[in-house]
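Structure at a glance
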Amino acid sequence: AYALALAVLILALAKPQRTVAVPVERASIMLTTDFSGSMQATDVPPTRLAAARAAADRFLEEVPDAVRVGLVAFNQSARLVESPTTDRAAVRNAIAALQPSGGTATGEALAVSIGALAQQKDADGVRVPSAIILLSDGASVRGRPPQELAQRAKDLKIPIYTVTLGTPNGTIQVTRSNGTVETRPVPPDPDESREVAAISGGRAYTAETARNLSDVYKALGSRIGYRDEKREITAAFTGGAFALLAGGALLSLLWFRRLV
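Worth saying up front: this structure is predicted, and the values here are computed from it rather than measured.

This part takes up the sheet that holds strand S5 (residues 130-136). Reading across from one edge, S4-S3-S2-S5-S6-S9 is the order of the six strands in this open sheet, with mixed pairing throughout. Both outer strands of the open sheet, strand S4 (78-85) and strand S9 (204-207), are each paired with one neighbouring strand and no more. Each strand axis lies, on average, 15 degrees off the axis of its neighbour in the sheet, ignoring direction. Where strand S6 (residues 160-165) and S9 come together, four bridges link them in parallel fashion. Paired with Leu165 across the bridge in S9 is Ala207. In this fold helix H2 (residues 48-62) packs onto strand S2 (28-34), strand S3 (68-74), S5 and S6, with an angle of close to 170 degrees to the strand it touches most, S2.

Written out as structure tokens, the structure is:
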């Protein structure tokens with residue numbers, strides 16, 4: 001026990017460290033959410049949009065309180081619904097109010113998101129760490145190519161984490177001008193999402209079920225809201241060494257009636 005205590009004390013002299021996850025102060029995250037007409041598909045029950053709402057709620061619970069979260073909603077156009085804020089209720093209410101309609105303009109949504117995040121600065125005027133979570137269920141059909149905006153995000157060091165929602169068999173019911181109802185396939189487009197994530201320095205995810213989507217958002221809440229930081233643990237080693245010394249002394253007294 002004495003020998004082991006000496007070895008631990010020698011290790012303590014080296015000032016050992018371990019990596020811990022600490023909250024990213026003043027960080028900003030933009031939830032960029034698709035609410036195009038295809039989001040009413042029921043292949044992700046109850047609907048794709050309802051599953052997206054539930055997953056966003058879980059994300060807001062996972063991300064640290066100090067992190068600001070905003071919302072950009074898009075269909076054939078994009079708008080900043082909520083600037084990055086620590087008011088989680090405001091973001092939840094904004095997501096709950098979305099109703100599916102229209103087409104998909106992913107590039108324009110990224111442009112709005114990047115513009116809003118670029119304005120997030122600390123008291124010294126330095127832009128804070130930021131990221132975009134892009135949830136969409138289809139290819140962009142309007143506006144600028146999303147790959148172009150992904151490169152802009154990379155230049156600003158704003159990674160884009162894409163989440164492609166839906167299954168290849170997803171469909172929606174569309175009423176035509178003559179009153180007939182048409183079943184229209186709305187498969188997701190993971191290839192475009194993977195390309196956007198790769199260009200920006202983020203990561204691509206797919207979600208074919210509500211549970212899968214919720215798990216992705218939970219992982220992103222932990223991944224984006226924290227950073228790895230090395231912390232010195234010399235005190236723990238020193239405490240362990242003294243515990244071994246005490247244990248050795250006690251055993252020595254019991255067995256040999258002496259301390260050493």
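Read on, since the account is not over.
Looking now at the side chain of Ser36. Within the element layout of this structure, Ser36 appears in the loop between S2 and H2. Taking the relative accessible area as the measure of exposure, Ser36 reaches 1% and is therefore buried. Apart from residues lying up to four places away in sequence, Ser36 is in contact with Phe74, Asn75, Pro100, Ser101, Gly102, Gly103, Thr104 and Asp137.

Scoring rules and cut-offs
- Residues numbered from 1 in each chain as written.
- Predicted model: local features only at pLDDT ≥ 70, side-chain atom pairs only at ≥ 80, totals over all residues.
- Heavy atoms only, no water.
- Pairing = 2+ DSSP bridges.
- Helix = DSSP H or I, 4+ residues; strand = E, 2+ residues; numbered from the N terminus.
- Axes fitted to C-alpha atoms, helices over the stretch in contact; angles between N-to-C directions.
- Contact = heavy atoms within 4.5 Å.
- Buried < 20%, exposed > 50% of the residue type's maximum accessible area, 1.4 Å probe, protein only.

Read these as spatial facts, not as claims about activity.
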